[in-house]
Amino acid sequence: MEETCVLRPIAHVHSEFPGKFGIPRQSGVVPELRSELIFTPEFRNPDALRGIEGFDRLWLIWEFSANRRASWSPTVRPPRLGGNTRLGVFATRSPFRPNPLGMSCVVLTGVRQDTRLGPVLCLSGADLMDGTPVFDIKPYLPYSDCFPDARAGFTALAPDLLLDVDFPPELLAHIPEAHRSALLGVLSHDPRPSYQDDPARRYGMGFAGFDIHFTVSEGRLTVVDVVPMEPSEKGSASQ
């Protein structure tokens, strides 16, 4: 018997990432990132959030909306292992899944009331593209959700190696000051696909209304240009 479940978004994310390229591979690794959760009209009832201010962190259940596919593979290549080793899809957090669902633990920095949008959740550390559909929100519970001694599987085998970032001051000046530390954090975590390591290649990443062009060589990321994006390229969360 075929089983189905219909999910409907309760909210959408508004972030500085117009596309998936450059988004941190896990939530929380760049705490300076700021985003907002904007509810769909049906769920803009303040009563649905009563008590949420008492929690520091939230779990978001969301869709890999940029990775919708009709088929799936039982094995994937985790970036953590350089993209060269195949592991079972259910042993990874790969976006290429039978059901394109993701989860992120984010920091709740506040709840603001908007005259048009209703209650809006202010978040930090989210690893989500602008417009990402969110299906559910659950509070993070330290007494049951935190297990620091748990085994980390293959993720413990390859340490995170941060890149040195060379961002010329005259280019960094184009970026609004409020977004600079977040952008530097994103770049230091190496936005490139794990299988690409061409020092001559010039990459482009959308962030906060700008295209950031850079190269990477011998552990150093060098920003070579900052170009304002066209309004149609920036994207926006569904409101």
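All of the points below concern the structure found in this document. In this text, all values refer to a predicted model and were calculated from it rather than measured experimentally.

Comments concerning the sheet that holds strand β10 (residues 203-207)
Next up, step 1: Ordered in space as β9-β12-β11-β10, the four strands form an open sheet in which the pairing is mixed. What marks the edges here is a single partner per strand, and that holds for β9 (164-166) and β10. Strand after strand, the sheet turns through a mean of 35° between neighbouring axes, direction not considered.
Next up, step 2: Two strands pair when backbone bridges link them, and β10 and strand β11 (residues 210-217) are joined in this way by five bridges, in the antiparallel orientation. Within the sheet, the bridge partner assigned to F207 lies in β11 and is F210.

Thoughts on the side chain of D127
Next up, step 1: On the secondary structure map, D127 appears in the loop between β7 (118-124) and β8 (133-139).
Next up, step 2: R93 provides the closest opposite charge to the buried, salt-bridge-free D127, at an N-O distance of 6.8 Å.
Next up, step 3: Polar side-chain contacts of D127 include one of 3.2 Å to the backbone nitrogen of S27.
Next up, step 4: Within polar-contact distance, the side chain of D127 engages the side chain of S104 at 2.6 Å.
Next up, step 5: Setting aside residues no more than four positions away along its own chain, D127 makes contact with I23, P24, R25, Q26, S27 and S104.

What to know about the environment of T40
Next up, step 1: Of note, T40 is situated in the loop between β2 (34-39) and β3 (57-63).
Next up, step 2: Taking the C-alpha atoms as reference points, T40 and E3, 37 residues apart in sequence, are found 27 Å from one another.
Next up, step 3: In this structure T40 touches P9, I10, A11 and H12, once residues within four positions along its chain are discounted.

Considerations on the pairing of β2
Next up, step 1: Burial within β2 is extensive, with five of its six residues counted as buried.
Next up, step 2: Pairing geometry for strand β1 (residues 11-14) and β2, over four bridges, is antiparallel. The residue of β2 that forms the bridge with V13 is L37.
Next up, step 3: As paired strands, β2 and β7 are joined by five bridges and run antiparallel to one another. The residue of β7 that forms the bridge with R34 is S124.

Quick word on empty space enclosed by the protein
Next up, step 1: Following the criterion strictly, the structure yields one cavity of 30 Å³ or more and no others.
Next up, step 2: As a volume, the largest cavity reaches approximately 40 Å³.
Next up, step 3: As for the largest cavity, its lining consists of S15, E16, F17, L33, R34, S35, A126, L128 and F207.
Next up, step 4: The residue inventory of the lining of the largest cavity, partitioned by class, reads five nonpolar, two polar and two charged.

Regarding the sheet that holds strand β6 (residues 101-114)
To summarise the sheet geometry, strands pair through backbone hydrogen bonds and adopt either a parallel or an antiparallel arrangement.
Next up, step 1: Strands sit in the order β1-β2-β7-β6-β3-β8 around a closed barrel of six strands; the barrel is antiparallel. Sheet twist, expressed as the mean angle between neighbouring strand axes with direction ignored, is 45°.

Points about the pattern of salt bridges
Next up, step 1: Applying the stated rule across the entire model yields eight salt bridges.
Next up, step 2: Between R50 and D47 there is a salt bridge, and its shortest N-O distance comes to 2.8 Å.
Next up, step 3: A residue is classified by how much of its surface remains accessible, and D47, at 48% relative accessible area, is partly exposed.
Next up, step 4: In this structure, a network of salt bridges that share partners links the residues E36, R112 and D114.

Rules behind the numbers
- Residues numbered from 1 in each chain as written.
- Predicted model: local features only at pLDDT ≥ 70, side-chain atom pairs only at ≥ 80, totals over all residues.
- Heavy atoms only, no water.
- Pairing = 2+ DSSP bridges.
- Helix = DSSP H or I, 4+ residues; strand = E, 2+ residues; numbered from the N terminus.
- Axes fitted to C-alpha atoms, helices over the stretch in contact; angles between N-to-C directions.
- Buried < 20%, exposed > 50% of the residue type's maximum accessible area, 1.4 Å probe, protein only.
- Lys, Arg positive; Asp, Glu negative; His and termini not counted.
- Salt bridge = Lys/Arg side-chain N within 4 Å of Asp/Glu carboxyl O.
- Polar contact = N/O pair within 3.5 Å; in protein donor to acceptor, adjacent residues only side chain to side chain.
- Contact = heavy atoms within 4.5 Å.
- 1 Å grid on protein atoms, 1.4 Å probe; cavity = no way out; pocket = protein on both sides within 12 Å on 5 of 7 lines; lining within 4 Å.
- Points joined across faces, edges and corners; volume = space filled by probe spheres on them.
- Nonpolar A, V, L, I, M, F, W, Y, C, P; charged D, E, K, R; others polar.

Interpretation note: all reported values are geometric properties and have no functional meaning in isolation.
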